[in-house]
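These are the residues of each chain, in order.
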Amino acid sequence: DVVGTSSARRYLKTPMPMPLETTESVVTQQAKLRLESVSRSFKTPRGPLSALESIDLDVREGEFLCLVGPSGCGKSTLLSIMAGLDQPTSGAVWRDGKPVEGPGTDRIVIFQELGLFPGLTVRENVEFGLRMKGTSKQERRVRAQHYLRLVHLSRFEASYIHQLSGGMKQRVALARSLATEPDVLLMDEPFAALDAQTRDLLHEELERIWAETKKTVIFVTHNVREAVRLGDRVVLLTFRPGRIKNEFAITLPRPRHLEDPELTLTARQVHAQLREEINKAVKEEYEANH
Ligand code: ADP
Ligand code: MG
């Protein structure tokens, strides 16, 4: 009884733990990117156009996040804002708890039109970004070789871009981006123009490289199956203005395959909700023309 009393007293004297506060600050630290009430509107001849409205989003370090939504819903705008290439009209963007005020070497965007230099070799393309950063010649060579090996292109380092297939060009662009060693890869519909077989292969490669390098990836696509194939989480945006309609945690085991029946079932649920947004887009377009 005495022991019980004293231990009760000891317990009462111990300052109360504050689990809520601790949890919250841990979450803040863990968010690689945080969007807080981000809105973006554009001035157009027909008046202001609201492209994004009140986007709140935390992206975990090492997360593979897919953004899906109908064409014109603001996916590219959102990616540009994350990259610091565009500024929100209101709201804030944080990277590792610091405000994003412009582009930085910690984030890199891969656009669908890859921006490779046809007159340079594969290796020169990969080294190009590093030369801009002032990396020494020797270091450039080492890193280019490392990242070309990672994307399985070592044998083609002396080839010119025009000699490569579409899938190989994608891998050069990926190696070039990785060589600058960013924390965050922002990819804007990178595989949209590729044939199905090449895309399958690149999904595998990207999944493997993401697992090996532990980058944070934000991947924009209008293809729901691709999003469910790749993402830890799929965030669905509404048609104009782009708001977050829903989020889906994708817990299917990796590596995944597009033809997995579970993947098809999950994709069907996401697609049903995307469909509602596409219908709105079609309706708006129809009404504008009648
Ligand atoms: P998505 O990538 O989802 O197709 P975007 O982010 O490219 O959509 O565009 C979202 C909306 O914002 C579209 O209606 C588009 O026309 C408009 N928009 C994008 N950039 C500009 C701009 N610089 N000026 C005016 N309107 C823009
Ligand atoms: Mg776009």
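Residues numbered from 1 in each chain as written. Chains lettered and ligands numbered in written order. Predicted model: local features only at pLDDT ≥ 70, side-chain atom pairs only at ≥ 80, totals over all residues. Heavy atoms only, no water.

Asks: Which residues make up the layout of surface pockets, and what values do they have?
Replies: Estimates place the volume of the largest pocket at around 500 Å³. Looking at the largest pocket, it is lined by 22 residues, and the ones nearest its centre are Ile108, Val109, Gly129, Arg176 and Thr180. Looking at the lining of the largest pocket, the elements with two or more residues in it are strand 6 (107-110), helix 4 (122-133) and helix 6 (166-179). Grouping the amino acids of the lining of the largest pocket by side-chain chemistry returns 12 nonpolar, 6 polar and 4 charged. Of the pockets and cavities examined, the second largest pocket occupies roughly 320 Å³. Looking at the second largest pocket, it is lined by 14 residues, and the ones nearest its centre are Arg46, Phe239, Arg240, Glu284 and Ala288. (1 Å grid on protein atoms, 1.4 Å probe; cavity = no way out; pocket = protein on both sides within 12 Å on 5 of 7 lines; lining within 4 Å. Points joined across faces, edges and corners; volume = space filled by probe spheres on them. Helix = DSSP H or I, 4+ residues; strand = E, 2+ residues; numbered from the N terminus. Nonpolar A, V, L, I, M, F, W, Y, C, P; charged D, E, K, R; others polar.)

Asks: Explain the packing of helix 6 against helix 7 (residues 196-213) residue by residue, including any values.
Replies: Interaxial distance between helix 6 and helix 7 falls to 10 Å at its minimum, and their mutual angle equals 20 degrees. On the basis of their axis angle, the class for helix 6 and helix 7 is roughly parallel. In the crossing of helix 6 with helix 7, the sense of the turn from one axis to the other is right-handed. Where helix 6 approaches helix 7, its residues Gly167, Gln170, Arg171, Leu174 and Leu178 are matched on the opposing element by Thr198, Leu202, Glu205, Leu206 and Ile209. (Axes fitted to C-alpha atoms, helices over the stretch in contact; angles between N-to-C directions. Parallel < 35°, antiparallel > 145°, perpendicular 65-115°, else oblique. Left-handed = near helix turned anticlockwise from the far one by under 90°. Contact = heavy atoms within 4.5 Å.)

Asks: Residue-level account of the nonpolar core, with values.
Replies: Grouped together as the largest cluster of nonpolar side chains are 47 residues, with contacts concentrated most on Leu174, Phe219, Val228 and Val234. The element contributing the most residues to this core is helix 6, with 7 residues. With near-sequence residues (within four places) excluded, leucine 174 lies in contact with Ile110, Val151, Leu185, Met187, Leu206 and Ile209. Counting 24 residues, the second largest nonpolar core, distinct from the first, contains Ile81, Ala83, Val220 and Val235. (Core = buried A, V, L, I, M, F, W, Y, C linked by side-chain atoms within 4.5 Å. Buried < 20%, exposed > 50% of the residue type's maximum accessible area, 1.4 Å probe, protein only.)

Asks: Tell me about helix 7, and please be specific about residues and values.
Replies: Taking 1.5 Å as the rise per residue, helix 7 with 18 residues should run 26 Å; its terminal C-alpha atoms sit 25 Å apart, in good agreement. Every buried residue of helix 7 is listed here: Thr198, Arg199, Leu202, His203, Glu205, Leu206, Glu207, Ile209 and Trp210. Tucked inside the fold, the buried residues of helix 7 contact strand 3 (64-68), helix 5 (137-150), helix 6, strand 7 (184-188), strand 8 (216-221) and helix 8 (224-230). Of the residues that open helix 7, the one with a side-chain oxygen 3.2 Å from the backbone nitrogen of glutamine 197 is aspartate 195. Just past helix 7, the residue lysine 214 takes up positive phi, approximately 55 degrees. (Expected span 1.5 Å × (residues − 1). Polar contact = N/O pair within 3.5 Å; in protein donor to acceptor, adjacent residues only side chain to side chain.)

Asks: Quick one: what's the story with the confidence of the model for the protein chain, residue by residue and with numbers?
Replies: The predicted coordinates ought not to be read in detail in places where the model reports low pLDDT. Residues with a pLDDT of 70 or more make up 90% of the protein chain, whose mean pLDDT is 89. Every residue in residues 1-28 scores below 50 in pLDDT, and together they form 3 contacts with partners more than four places removed in sequence or on other chains. (pLDDT = per-residue confidence, 0-100.)

Asks: Go over the sheet that holds strand 9 (residues 233-237) with me, naming the residues and quoting the values.
Replies: Sheet architecture is open: 6 strands sit in the order 6-7-8-3-9-10, paired in mixed fashion. Of all strands in the sheet, those with a lone pairing partner are strand 6 and strand 10 (244-249), marking the two edges. Averaged over all pairs of adjacent strands, the angle between strand axes in this sheet comes to 15 degrees, irrespective of strand direction. As paired elements, strand 9 and strand 10 share 5 bridges and run antiparallel to each other. Across the sheet, residue valine 235 finds its bridge partner in strand 10, namely glutamate 247. Helix 3 (residues 75-83) contacts strand 3, strand 6, strand 7, strand 8 and strand 9 of the sheet and is inclined by roughly 155 degrees relative to strand 7. (Pairing = 2+ DSSP bridges.)

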